[in-house]
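One-letter residues, chain by chain:
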Amino acid sequence: MVRSLRRTMEGTSHCLIFLILLLSCSTDPVLPVHLTVNPSRSQFFDLEPVTLICEDENRSDGWTVRRNTSRGTRTECKDGWGAAVGSTCTMNLVQDDTGVYWCESRSGSSSSSSIQLSVSGGSVILQSPVLPVMEGDDVTLSCRARNPTHNPAAFYKDGVFIGNESSGHMTLNSVKKSDEGLYKCNIRDHGESPSSRISVKEKPPTTTPPSSSSSSSEKPTNISDSTVPPGPGSSSVSLLVLLPSASLCVLVFLLLLVELVAYLYRKPKVMKEEEERMTSLPETSGRSRVNRRKPNQEQEMVMMFMCFCFC
């Protein structure tokens, strides 16, 4: 009775370890959250409305918008500014709202990349992408006056004049890393805009197309690229996703190793007990029971280690 109970408990522990192993190996990584700005630009006139949305793959509401401004750090939407509904924050901007914004989980354990929003009390703003642009894309810069005008706009990069545009719009064709920098514009008789940074990220390379001998179902895969550096007070999402999984796999490996050592340590004793049992039972009956038990235990251990190596 005692031996039977012991074997049942051992089998249960094996099953639990096996389930933990499957969970650690088959769990999909959590995709990071992104902060979307509507309208999509980095400069605004004061009193203009803006909507900030935290979006993840599951469209969950487990995120909140936070910011760093001259009025406070890591303050949450609805904490003296903005109106929050789920993971969306709406607000009418004033100059004190200039600062860095990002999304953060309710627990504070993960966050998105940060973006810079500038609110101007002047007469001119530069409308430019709020997020990094892809290398090779065309980027349009628009110089906008608070009061509509037909005067031409002058554009500057890092303080150096780069051209006049009568339409007020300048297009940067096929941008590259050298196009990164601080841009601003000036409209005669209206004034100059604040500066905004344009960042360019490298175009993700594609893998070599599969050869004719490969399966037709295989497709080239894109290598993902990082975006803006994480916001203040935030941590890398990829590390937060990978570290727990790696720790769990190491824990499972150690548990399996301990289980194997314990099994090898018990094996001589178990075999001796089985031999004693065999001598006390009829020859054919005892031999068939031993032959049924031995392979089951060894196969169980081999299956767990094969599964771990496969994962």
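Everything in this summary refers to the structure shown in the same document. Keep in mind that this is a model prediction, so the values were computed, not measured.

### Observations regarding the overall build of the protein
Moving on, step 1. Along the backbone of the protein there are three helices and 19 strands.
Moving on, step 2. Taking all 311 residues of the protein together, the buried fraction comes to 31%.
Moving on, step 3. Restricting to contacts in the protein with at least 6 residues of sequence separation, those with at least 24 account for 63%.

### Remarks on the packing of aromatic side chains
Two numbers describe a pair of aromatic rings. These are the distance of the centres and the angle of the planes.
Moving on, step 1. If you walk through the whole model with that rule in mind, you get two aromatic pairs.
Moving on, step 2. For the pair Tyr156 and Phe161, a centre-to-centre distance of 5.7 Å together with 65° between the ring planes defines the contact as edge-to-face.
Moving on, step 3. For Phe161, a relative accessible area of 44% corresponds to the partly exposed category.
Moving on, step 4. Seen from the ring of Tyr156, Lys184 lies directly overhead, with NZ or CZ sitting 5.9 Å from the centre.

### Looking at the environment of Ile115
Moving on, step 1. Relative to the elements of secondary structure, Ile115 occurs in strand 9 (residues 115-120).
Moving on, step 2. For Ile115, a relative accessible area of 4% puts it in the buried group.
Moving on, step 3. Distance in space between the C-alpha atoms of Ile115 and Val130 is 6.9 Å, their sequence separation being 15 residues.
Moving on, step 4. Beyond its immediate sequence surroundings of up to four residues, Ile115 is in contact with Leu35, Val37, Gly99, Val100, Tyr101, Val130 and Leu131.

### Thoughts on the state of the cysteines
Moving on, step 1. Applying the stated rule across the entire model yields three disulfides.
Moving on, step 2. Across a sulfur-sulfur distance of 2.0 Å, Cys77 and Cys89 are joined as a disulfide pair. On the S-S bond that ties Cys77 to Cys89, the torsion sits near 85°, and the link is right-handed. A residue pair is termed long-range when its members are at least 10 positions apart, and Cys77 in the loop between strand 5 (72-76) and strand 6 (83-85) and Cys89 in strand 7 (residues 88-92) qualify at twelve residues. Summarising the burial analysis for this pair, Cys77 and Cys89 share the class buried.
Moving on, step 3. Disulfide pairing is shown between Cys143 and Cys185; the S-S distance is 2.1 Å. One disulfide, between Cys143 and Cys185, carries an S-S torsion of 85° and so falls in the right-handed class. Within this pair, whereas Cys143 is found in strand 12 (residues 139-145), its partner Cys185 is found in strand 16 (residues 181-187), the two being separated by 42 residues in sequence.
Moving on, step 4. For Cys143, a relative accessible area of 10% puts it in the buried group.

### So, the nonpolar core
Moving on, step 1. If you look at the biggest cluster of nonpolar residues, it comprises 20 residues, and the most contacted ones within it are Leu35, Val37, Leu52, Val65, Tyr101 and Leu117.
Moving on, step 2. Counting residues per element, the ones that place at least two in this core are strand 1 (34-38), strand 3 (49-55), strand 4 (63-69), strand 7, strand 8 (99-105) and strand 9.
Moving on, step 3. In contact with Val37, other than residues within four places in its own chain, are Phe44, Val50, Thr51, Leu52, Ile115, Leu117 and Val130.
Moving on, step 4. Membership of the second largest hydrophobic core comes to 17 residues, among which are Ala145, Ala153, Phe155 and Ile198.

### Here's the deal with the environment of Arg41
Moving on, step 1. Mapping Arg41 onto the fold places it in the loop between strand 1 and strand 2 (43-45).
Moving on, step 2. Judged by its relative accessible area of 10%, Arg41 is buried.
Moving on, step 3. Expressed as a C-alpha distance, the spacing of Arg41 and Pro129, which sit 88 residues apart in the sequence, is 5.2 Å.
Moving on, step 4. Excluding anything up to four places from it in sequence, Arg41 contacts Glu48, Leu117, Ile125, Gln127, Ser128, Val130 and Arg144.
Moving on, step 5. Looking at Arg41, its side chain comes within polar contact range of the main-chain oxygen of Gln43, at 2.7 Å.
Moving on, step 6. A distance of 3.3 Å separates the side chain of Arg41 from the side chain of Glu48, its partner in a polar contact.

### Details of the pattern of salt bridges
Moving on, step 1. Overall, the coordinates contain eleven salt bridges when judged by the stated rule.
Moving on, step 2. The closest approach of N and O atoms between Arg146 and Asp46, which form a salt bridge, is 3.0 Å. Placement of the pair is Arg146 in the loop between strand 12 and strand 13 (153-157) and Asp46 in the loop between strand 2 and strand 3, with a sequence separation of 100 residues.
Moving on, step 3. For Asp46, a relative accessible area of 21% gives the class partly exposed.
Moving on, step 4. It is possible to trace a salt-bridge network through shared partners that takes in Arg66, Arg74, Glu76 and Glu104.

### Describing the sheet that holds strand 1
Moving on, step 1. Taking strand neighbours across the sheet as the criterion, the four strands line up as 1-3-7-6 in an open arrangement whose pairing is antiparallel. What marks the edges here is a single partner per strand, and that holds for strand 1 and strand 6. The mean inter-strand angle of the sheet, taken between neighbouring strand axes irrespective of direction, is 20°.
Moving on, step 2. Bridge count between strand 6 and strand 7: three bridges; the pairing is antiparallel. Its bridge partner being in strand 7, Ala83 is matched across the sheet by Thr90.

Calculation criteria
What you see as residue numbers is a count from 1 along each chain, following the sequence as written. Local features are withheld for residues below a pLDDT of 70 in this predicted model, meaning they are given only at 70 or higher, and side-chain atom pairs are given and counted only at 80 or more; totals for whole chains, interfaces and linings count all residues. To get the side-chain values, take all heavy atoms of the structure and skip hydrogens and water. Working definition: helices are DSSP H or I runs of at least four residues, strands are E runs of at least two. Numbering for both runs from the N terminus. Relative accessibility under 20% of the residue-type maximum defines a buried residue, over 50% an exposed one, and the middle range a partly exposed one, all with a 1.4 Å probe and only protein chains included. In this analysis, two residues are considered to be in contact whenever any of their non-hydrogen atoms come within 4.5 Å of each other. Side-chain rings of Phe, Tyr and Trp, where Trp is taken by its six-membered ring, are said to pair if the distance between their centres is within 6.5 Å; with planes under 30 degrees apart they count as stacked, over 60 as edge-to-face, and otherwise as tilted. Note on geometry: a ring has a charge over it if NZ (lysine) or CZ (arginine) is within 6 Å of the ring centre and within 35 degrees of the ring normal. Two cysteine sulfur atoms make up a disulfide if the distance between them is within 2.5 Å. In these notes, a set of buried Ala, Val, Leu, Ile, Met, Phe, Trp, Tyr and Cys residues joined through side-chain atoms within 4.5 Å is what counts as a nonpolar core. Any pair of N or O atoms that falls within 3.5 Å is considered a polar contact. Within protein, one atom must be able to donate a hydrogen and the other to accept it, and sequence-neighbouring residues count only if both atoms are side-chain atoms. Salt bridge, as used here: a side-chain nitrogen of Lys or Arg that lies within 4 Å of a carboxyl oxygen of Asp or Glu. Strand pairing follows a simple DSSP-based rule, namely that at least 2 bridges must link the two strands. For helices, the fitted line uses only the C-alpha atoms of the stretch in contact; every axis is such a line through C-alpha atoms, and the angle between N-to-C directions lies from 0 to 180 degrees.

So, to be careful, I would describe these as geometric facts and stop short of saying anything about function.
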